[in-house]
Amino acid sequence: MTRIRPALAFAPCLLLAACASAPRADRDAAAQAQAVPIGSLQAGGDAAQARVAGTVTAALAGADGQPGWLLQDAGDGDAATSDAIWVLGPAAAGLAPGQNVQVIGRVHRAALAAAGKGRAASLLAIDAERIEPMRARARLRPVAPVALSAAPDWNALAGMRVRIDAPLVLADRDRERGTVAVAFDGPLWQPGERAAPGSEAARAVAADNLRRRLTLSGEALGDEAYRARSGSAVSAVEGIALPRADGPGLRLERAPTLQPAPRPQQPPRVDGQVRIAAFNLENLFNGDGRGGGFPTPRGARTEAEFHAQLAKLVETIHAMNPDVAALMELENDGYGPDSTLAQLVAALDRADAAAGGAQDWRYAAPCKQPCALAVRGPGDNAIRVGLIYRGQRVAARGLAATLEQGPFGPHSRVPLAQAFQALGAGGARGPAFVVAANHFKSKGCRDAEGADRDQGDGAACWNALRSDSARRLDAWLKTDPTRSGGALTMIVGDLNAYAQEQPLRELYAAGWQDAFAAAKVASPYSYVYDGELGRLDHALLSPALAATLRGAAEWHVNADEPDSAGYRNGGAGPWRSSDHDPVLLGFDLLPR
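Under an unreviewed UniProt entry, the protein has the name ExeM/NucH family extracellular endonuclease and belongs to Lysobacter enzymogenes.

Novice: Please clarify how the packing of aromatic side chains should be interpreted in this entry.
Specialist: Describing an aromatic ring pair means giving the distance of the ring centres and the angle of the ring planes. Applying the stated criterion across every chain yields a total of six aromatic pairs. With 6.5 Å between their ring centres and 35° between their planes, Phe 294 and Phe 306 make a pair best called tilted. Taken as a pair, Phe 294 in the loop between β16 (274-284) and α6 (303-320) and Phe 306 in helix α6 lie far apart in primary sequence, 12 residues in all. Arranged with centres 5.8 Å apart and planes meeting at 25°, the rings of Tyr 335 and Tyr 363 form a pair that is stacked. Note that Tyr 335 is positioned in the loop between β17 (324-331) and α7 (340-354) and Tyr 363 in strand β18 (residues 361-363), a separation of 28 residues in sequence. You can call Tyr 335 buried: its relative accessible area is 4%.

Novice: Any chance you could explain the pairing of strand β29 (residues 583-587) here in plain terms?
Specialist: Walk down a regular strand and you will see the side chains alternate between the two sheet faces. The element β29 is extensively covered by neighbouring structure, given that five of its five residues are classed as buried. Of the two faces of β29, the one lined by Val 583, Leu 585 and Phe 587 and the one lined by Leu 584 and Gly 586 are each fully buried. Both β16 and β29 contribute to a ladder of five bridges, which runs antiparallel. Its bridge partner lying in β29, Arg 275 is registered against Gly 586.

Novice: Would you mind going over the state of the cysteines with me for this structure?
Specialist: Here a disulfide denotes one covalent bond, and it connects the sulfur atoms of two cysteines. Going through the model one piece at a time under the given rule, you end up with one disulfide. One disulfide in the model links Cys 445 with Cys 461; its S-S distance is 2.0 Å. What sets the handedness of the Cys 445 and Cys 461 disulfide is the S-S torsion sign, and at about 90° it is right-handed. Residue Cys 445 is found in the loop between β22 (433-439) and α8 (463-477), and its partner Cys 461 is found in the loop between β22 and α8; the two are separated by 16 residues along the sequence. The exposure class of Cys 461 is buried, given its relative accessible area of 2%.

Novice: What is the right way to look at the pattern of salt bridges in this model?
Specialist: Between side chains of opposite charge, pairing is possible as soon as their charged atoms come close. A complete count under the given rule lists 37 salt bridges for this structure. Note that Glu 238 is salt-bridged to Arg 161, the shortest N-O span being 3.3 Å. Taken together, the positions of Glu 238 in strand β13 (residues 237-244) and Arg 161 in strand β7 (residues 161-164) put the pair 77 residues apart, joining distant regions of the chain. With relative accessibility at 19%, the residue Arg 161 sits in the buried group. Through salt bridges with shared partners, one network takes in Arg 161, Glu 238, Glu 253 and Arg 254.

Novice: What is the right way to look at the packing of α8 against helix α9 (residues 502-509) in this model?
Specialist: Axes are the key here: two packed helices are described by the angle between their axes and the distance separating the axes. Packing of α8 against α9 leaves a shortest axis separation of 8 Å and a crossing angle of 20°. In terms of their interaxial angle, α8 and α9 are classed as roughly parallel. The interaxial crossing formed by α8 with α9 has right-handed handedness. Contacts between α8 and α9 involve Asn 463, Arg 466, Ser 467, Ala 470, Arg 471 and Asp 474 from the first element and Gln 502, Pro 503, Glu 506 and Leu 507 from the second. Looking at the contact of α8 with α9 residue by residue, the classes come out as three nonpolar, three polar and four charged.

Novice: I would appreciate a short explanation of the sheet that holds β17 in the present structure.
Specialist: In any sheet, the strands associate via hydrogen bonds between backbone groups, in a parallel or an antiparallel arrangement. Overall, mixed pairing links the six strands, which are arranged β18-β19-β17-β16-β29-β28 in an open sheet. Whereas interior strands pair on both sides, the edge strands pair on one side only; in this sheet they are β18 and β28 (549-554). Taking each pair of neighbouring strands and ignoring which way they run, the sheet shows an average axis angle of 20°. Its contacts with the sheet place α6 against β16, β17, β18 and β29, and it is angled at close to 165° to β16. Contacting β16, β17, β18 and β19 (383-390), α7 runs over the sheet at an angle of about 170° to β18.

Novice: In this structure, what is going on with α7? I would like to understand it.
Specialist: Structurally, the α-helix is built with 3.6 residues per turn, so residues lying three or four positions apart point the same way. Between its first and last C-alpha atoms α7 spans 21 Å; for 15 residues at 1.5 Å apiece the expected length is 21 Å, and the two agree. Those residues of α7 not exposed but buried are Thr 340, Leu 341, Ala 342, Gln 343, Leu 344, Val 345, Ala 347, Leu 348, Asp 349 and Asp 352. Buried-residue contacts for α7 involve β16, α6, β17, β18 and β19.

Novice: Can you walk me through the pairing of β16 in this structure?
Specialist: Counting buried positions along β16 yields nine of 11 residues, so the element is predominantly enclosed. Sheet topology places β16 next to β17; six bridges connect them, and they run parallel. Looking across to β17, one finds that Phe 279 is bridged to Leu 327. Handedness of the crossover joining β16 and β17 through α6 is recorded here as right-handed.

Novice: Please clarify how the domain arrangement of the protein should be interpreted in this entry.
Specialist: The parts lose accessible area when they come together, and the size of an interface is often stated as this lost area. Parsing the protein into structural domains produces domain 1 (36-133), domain 2 (146-259) and domain 3 (274-587). For domain 2 versus domain 3, the separation of C-alpha centres amounts to 33 Å. At the boundary of domain 2 with domain 3, total buried surface from both sides reaches about 1,800 Å², with 47% on carbon and sulfur atoms. The three residues of domain 2 that bury the most area against domain 3 are Gln 190, Glu 193 and Arg 229, which together make up 35% of that side's buried surface. Connecting domain 2 to domain 3 are four salt bridges. For Asp 560, the salt bridge goes to Arg 229, with nearest N and O atoms at 3.3 Å.

Novice: Got a minute to help me understand the sheet that holds β22 in this structure?
Specialist: With mixed pairing, the six strands of this open sheet are ordered in space as β20-β21-β22-β23-β27-β24. A strand with exactly one partner marks an edge of an open sheet, and here the two such strands are β20 (394-402) and β24 (513-514). Alignment of β20 against strand β21 (residues 416-422), held across six bridges, turns out to be antiparallel. Its bridge partner being in β21, Thr 402 is matched across the sheet by Leu 416. Running over the sheet, α8 touches β20, β21, β22 and β23 (489-494) and is turned about 150° from β23.

Novice: Looking at this structure, how should I read the side chain of His 580?
Specialist: With respect to the helices and strands, the residue His 580 is situated in the loop between β28 and β29. Given the relative accessible area of 3%, His 580 is considered buried. Those residues within four positions of His 580 in sequence are excluded, and the remaining contacts are Phe 279, Asn 280, Asp 494, Ser 526, Tyr 527, Leu 536, Asp 537 and Asn 558.

Novice: Would you take a moment to explain the environment of Gln 99 for this structure?
Specialist: Inspection of the secondary structure assignment puts Gln 99 in the loop between β3 (84-88) and β4 (100-111). Contacts of Gln 99, omitting those with residues within four sequence positions, involve Gly 54, Thr 55, Val 56 and Gly 94. A distance of 2.9 Å separates a polar atom in the side chain of Gln 99 from the backbone nitrogen of Ala 96.

Rules and cut-offs
- Residues numbered from 1 in each chain as written.
- Predicted model: local features only at pLDDT ≥ 70, side-chain atom pairs only at ≥ 80, totals over all residues.
- Heavy atoms only, no water.
- Phe/Tyr/Trp six-rings, centres within 6.5 Å; stacked < 30°, edge-to-face > 60°.
- Helix = DSSP H or I, 4+ residues; strand = E, 2+ residues; numbered from the N terminus.
- Buried < 20%, exposed > 50% of the residue type's maximum accessible area, 1.4 Å probe, protein only.
- Pairing = 2+ DSSP bridges.
- Disulfide = S-S within 2.5 Å.
- Salt bridge = Lys/Arg side-chain N within 4 Å of Asp/Glu carboxyl O.
- Axes fitted to C-alpha atoms, helices over the stretch in contact; angles between N-to-C directions.
- Parallel < 35°, antiparallel > 145°, perpendicular 65-115°, else oblique.
- Left-handed = near helix turned anticlockwise from the far one by under 90°.
- Contact = heavy atoms within 4.5 Å.
- Nonpolar A, V, L, I, M, F, W, Y, C, P; charged D, E, K, R; others polar.
- Expected span 1.5 Å × (residues − 1).
- Right-handed = clockwise from strand over helix to strand, strands pointing away.
- Domains from an automatic or database assignment.
- Buried area = accessible area lost by both parts, 1.4 Å probe.
- Polar contact = N/O pair within 3.5 Å; in protein donor to acceptor, adjacent residues only side chain to side chain.

In structure tokens form, the structure reads like this:
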């Protein structure tokens, strides 16, 4: 890469008094001939002075609000270097797009306004001491956008106009920051969903995500992009490539074309005699259960919001029509008639009544009814897990069992296990099977110490505690806490770990089988975080139960949806009833 010495940055003609008598157009042409190609400055350090010539492409104010414009020349023949520079300073105030100018000034790298997690990226810049328009005889070729058919080296395009001809997929939206994330070559995946954290394979997934990810910004985005589902197709993308601290970015010059991904109108169908669902309800809190107690600590802010949230969740569960459903993020307010759990069951019965159904919803509890745990429990966490079931389809055997030792209660939510039997025609009953509902500690880093701190491997915080939770859960279930006496057991729920992270690996090693792998479901996901797909919601089966599995599916009504579809924004239907997609499994658990 050629470095330009400061002493050679000016045309020799500028140093000779005789040049002053030459015609202006000839002086422009001579000066242009001595201008430094912008690309040749990209790899160098600060230059005392340099002269560049190019076409003004777009306004870009400095981080301190000072005037700024992007200037692009015809290139230096090196595709690895950008041909754009950021012109800063008061002298730039009078520039306008399309002008051909020469700029003389000091070259350095300047910080862009902070974007992406509060950090700032930088561009090659020139503090303009003098700007001279170029006359007709010294005009430059028009600057055309660089056409891209695949994810490029964005460093080589910083500050340049580009047009993307490759298909892009909408990954995420952030209306607050005014950005939309898109990806080349299909959706982005959580590295921990595909490979063990810290492994070379996981690092390769993360690097590929960074290579394929692009953040779009600018007023040209429009509202449609923020309302679209993840997975929507984005095309006709054109703008200015501007680096961000969290990856490449593109400030749009015009609105892109959006082809929205279709919503799944009907729940998935799975074969089998018994259907079992798992669903994170995203903080279902009912205040005091009598119309007061709002705003709640985590969920609805008003009674109207609670009823809107409840309606969405009931519509989702009712449409899936499970025989048993394991629920996460229920308010931990006991089992009395004012409890959130009891009111959810009552709402499901009302939905049954409206549809002419059986109205036989029940809930499992670790105590006899009326339950002694009338105010709280199990555990003292603000949220808990629950199990509900259809009384005409399955029968609960005995009381539910709980595990409150070790991390369960203060961190991971208390597991709840209940034995059931499927009810068939003529009084037939199937063998006892156990459903254990779980919700492990989240990945947030508050209060994390020692091994629970983020180890930098992609598993985030509390990975050690979640792994301990998995080992303790396995050991507990193998003691047959529900006294079912059988070998048909499942672990379901939000384990806050992706499929290849250590908590899941602990359970695989102990003999538990991934229901989606057993059912040969390609690329399952139930959650979208930072635009990347993965599974926090799992169904793990004992070998004997896995032999009865007939189907597994997720209903993608939530994870791909924007926040605007949720209950707080008046969205109707089951969409964005939660931030997690529900899981549905089918089993043959009755004699044939």
